[in-house]
Amino acid sequence: MRILVALFALCLFAVMPPRADAAGLGQPSGPVVLTVHGKIVQTNRGAVDAFDDAFFKFGNVAFDKGAAFDLAMLEKLGMKTLTVKYDTWPKAYRFEGPLLRDVLKAVGASGKNVKVYAIDGYGAEIPMAEIEKFDVLLALKADGKYLGLGGRGPTWVVFPRDASPELKKQDDAKWVWSAIRIEVE
C-alpha cells in the first residue's frame, strides 16, 4: 500500500505545473539591481512594503509580487556582447549583459509591452514584439566595467542600432539608463 501511495504522489507531482515562486529564480544574494513585476509568472518577492521598499513607495510604485535580480542572477541568464557607436558619442562602446528577452523569459512574462523605469522615474514603453525581433541588451557593463549608479547603471537598455538600418532611425528614448524596474503590461 505504501508503494502505491508513493507512486501516486510521484505521478501527481510529475504532472503539476511549476509553482510561481522563487523555486525557478532563486533568491538574490547580493544587492538587488532590477525588479520585474506585472504580467509575470516566476516571482521571488512579495508586494511593495512601505518600509523596506521606501524608494518604490516614494515613487508611488505598487505591485503584489515581483522578481528581484542581483547582478549574479542577471549574469547567469547569459552574457551577450554588443558594440554600439551612437552619433553623439565620442567612440564605440562594447556592452555586456543578458538579452532583455531572456530576462523576460526567466520571469515568464506574458504582456504585449514592457515599461522600463530609471531610478529617477523616467520610463519608456517598449513593445514585446520589438524585444523579440531585435537583440536588445540589458547592459550591465560597458567596456568591461560594471555600470555604476551615477554613470548609467546599474542596468541600461541598449538596442543593436549598428546592426539594423531600421534602428538607426530610432531615437534613444527607449535606451533607458540607470534602469532599476520593469513593468510587464
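The written sequence of each chain sets the order in which its residues are numbered from 1. A pLDDT threshold of at least 70 governs which residues receive local features in this predicted model, and a stricter bar of 80 or more applies before side-chain atom pairs are shown or counted, although totals over entire chains, interfaces and linings include all residues. With hydrogens and water stripped out, all remaining heavy atoms of the structure feed into the side-chain values.

### Here's the deal with the side chain of Lys174
Alright, step 1. Numbering of helices and strands starts at the N terminus; helices are DSSP runs of H or I of at least 4 residues and strands are runs of E of at least 2. Structurally, Lys174 can be placed in the loop between helix H7 (165-168) and strand S11 (177-184).
Alright, step 2. The residues touching Lys174, leaving out its near neighbours within four places in the chain, are Ala124, Glu125, Ile126, Pro127, Glu130, Val157 and Phe159. Residue contacts are counted whenever heavy atoms from the two residues lie within 4.5 Å of one another.

### Section: the pattern of salt bridges
Alright, step 1. A carboxyl oxygen of Asp or Glu within 4 Å of a side-chain nitrogen of Lys or Arg is what we treat as a salt bridge. Tallied over the full model, the rule gives seven salt bridges.
Alright, step 2. Arg45 is the partner of Asp53 in a salt bridge, and the nearest nitrogen-oxygen pair spans 2.6 Å. For the pair Asp53 and Arg45, one class covers both residues: buried.
Alright, step 3. Note that Asp143 is salt-bridged to Lys91, the shortest N-O span being 2.6 Å. One end of the pair, Asp143, is in the loop between strand S8 (141-142) and strand S9 (145-146); the other, Lys91, is in the loop between strand S3 (80-84) and strand S4 (93-97), and 52 residues separate them in sequence.
Alright, step 4. Judged by relative accessible area, which is 38%, Lys91 ranks as partly exposed. Buried residues are those whose accessible area, probed at 1.4 Å on protein chains only, stays under 20% of the maximum for their type, while exposed residues exceed 50% and partly exposed ones sit between those limits.

### Some details on unusual backbone geometry
Alright, step 1. Cis geometry marks the peptide bond from Gly153 to Pro154; its omega dihedral reads 15 degrees.
Alright, step 2. Assignment of secondary structure puts Pro154 in the loop between S9 and strand S10 (155-158).
Alright, step 3. One non-glycine residue, Arg152, lies in the positive phi region at around 85 degrees.
Alright, step 4. Here Arg152 lies in the loop between S9 and S10.

### Structural notes on the confidence of the model for the chain
Alright, step 1. Known as pLDDT, the predictor's per-residue confidence is scaled from 0 to 100. When pLDDT is averaged along the chain, the result is 88; 88% of the residues meet or exceed 70.
Alright, step 2. Throughout residues 1-22 the model reports pLDDT below 50, and contacts reaching past four residues in sequence, or to other chains, amount to eight contacts.

### Brief notes about the sheet that holds S9
Sheets are built from strands that pair by backbone hydrogen bonding, the pairs being arranged parallel or antiparallel.
Alright, step 1. Two strands form a pair only when DSSP identifies at least two bridges running between them. The antiparallel open sheet is built from four strands, whose spatial order is S3-S4-S8-S9. The sheet is open, and its two edges are formed by S3 and S9, each paired on a single side.
Alright, step 2. Bridge analysis of S3 against S4 gives five bridges, and the strand direction is antiparallel. The residue bridging Val84 from the neighbouring strand is Tyr93, located in S4.

### Examining the packing of aromatic side chains
Two aromatic rings are characterised by how far apart their centres lie and by the angle between their planes.
Alright, step 1. Two rings from Phe, Tyr or Trp (for Trp, the six-membered ring) form a pair when their centres sit within 6.5 Å of each other. Planes less than 30 degrees apart are called stacked, planes more than 60 degrees apart edge-to-face, and all others tilted. Following the criterion strictly, the structure yields 10 aromatic pairs and no others.
Alright, step 2. Ring plane angle 40 degrees and centroid distance 5.6 Å describe the contact between Tyr86 and Trp89, whose orientation is recorded as tilted.
Alright, step 3. Look at Tyr86 and you get buried, because its relative accessible area is 11%.
Alright, step 4. By relative accessible area, which is 15% here, Trp89 ends up buried.
Alright, step 5. By way of ring pairs, the aromatic residues Tyr86, Trp89, Tyr93, Phe95, Trp156, Phe159 and Trp175 are connected into one cluster.

### Points about the side chain of Gln170
Alright, step 1. Among the structural elements, Gln170 can be located in the loop between H7 and S11.
Alright, step 2. Owing to a relative accessible area of 16%, Gln170 belongs among the buried residues under this scheme.
Alright, step 3. Reaching out from Gln170, the side chain makes a polar contact with the side chain of Glu130 at a distance of 3.3 Å.
Alright, step 4. Those residues in contact with Gln170, other than ones at most four positions away along the chain, are Tyr86, Glu130, Phe159, Arg161 and Trp175. N or O atoms closer than or at 3.5 Å make up a polar contact, with two conditions inside protein: a donor-capable atom paired with an acceptor-capable one, and, for residues adjacent in sequence, both atoms drawn from side chains.

### What about the nonpolar core?
Alright, step 1. For this analysis, a nonpolar core means a set of buried residues of the types Ala, Val, Leu, Ile, Met, Phe, Trp, Tyr and Cys, connected via side-chain atoms within 4.5 Å. The biggest cluster of nonpolar side chains holds 44 residues, and the ones touching the most others in it are Val36, Phe69, Phe95, Val114 and Val158.
Alright, step 2. Sequence-distant contacts of Phe95, defined by excluding residues within four places in its chain, comprise Lys80, Thr81, Leu82, Val84, Trp89, Leu137, Ala139, Lys141, Ala142, Trp156 and Val158.
Alright, step 3. If you look at the next biggest cluster of nonpolar residues, it comprises five residues, including Val48, Val61, Phe63 and Ile180.

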